Amino acid sequence: QVRLVESGGGVVQAGGSTRLSCAASGRTFSNVAMAWFRQPPGKECEFVATISWSGSTTYYADSVKGRFTISRDNAKNTLYLEMNSLKSEDTAVYYCAKDGGPLGNRYDYEYDYWGQGTQVTVSS
């Protein structure tokens, strides 16, 4: 069993920055890819970023590329999302998710464990 707990959300001004964290329990964290997804108000869940098990490979949605950075600390069983130059359209509930394999991808159905989500609101 894996438990994922996100933290770090809140209200941020447009153009500002914030960092999300996702603490994972269980022994499999360091062997699998992880990802961040988000669900804007009234919209479906969408892919944000993924990182391979070692952290050597990352992949981003076009909408966040160059502004967000995904990283992980396997010694701490923690996933991060550094968010810069925030826009109002980044307002969403952000979820971390665990992949079943080591490499990661953008498809939500490939992820078998999800956190409860953390709200990020960007105010203009």
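From a predicted model like this one, the values you see are computed outputs, not experimental measurements.

Participant: Could you give an account of the pattern of salt bridges, naming the residues involved and the relevant values?
Facilitator: Applying the stated criterion across every chain, the model contains five salt bridges. Of the charged contacts in the structure, one is a salt bridge between Asp62 and Lys65, with a shortest N-O distance of 3.1 Å. In this structure Asp62 comes out as exposed when scored by relative accessible area, which is 67%. Exposure remark for Lys65: the relative accessible area of 48% places this residue in the partly exposed category. Connected through shared salt-bridge partners, Arg38, Glu46, Arg67 and Asp90 make up one network.

Participant: Explain the sheet that holds strand S7 (residues 68-73) to me, using residue names and the numbers behind them.
Facilitator: Strands pair in a sheet through their backbones, by hydrogen bonds, and they do so in one of two ways: parallel or antiparallel. The sheet built from four strands is open, its strands ordered S1-S3-S8-S7 with antiparallel pairing. Among the strands making up the open sheet, the edge pair consists of strand S1 (4-7) and S7. The mean angle between the axes of side-by-side strands here comes to 15°, regardless of whether they run parallel or antiparallel. Strand direction decides the pairing type here: strand S3 (residues 18-24) and strand S8 (residues 78-83), joined by six bridges, are antiparallel. Residue pairing in the sheet places Ser21 in a bridge with Tyr80 of S8.

Conventions adopted
- Residues numbered from 1 in each chain as written.
- Predicted model: local features only at pLDDT ≥ 70, side-chain atom pairs only at ≥ 80, totals over all residues.
- Heavy atoms only, no water.
- Salt bridge = Lys/Arg side-chain N within 4 Å of Asp/Glu carboxyl O.
- Buried < 20%, exposed > 50% of the residue type's maximum accessible area, 1.4 Å probe, protein only.
- Pairing = 2+ DSSP bridges.
- Helix = DSSP H or I, 4+ residues; strand = E, 2+ residues; numbered from the N terminus.
- Axes fitted to C-alpha atoms, helices over the stretch in contact; angles between N-to-C directions.

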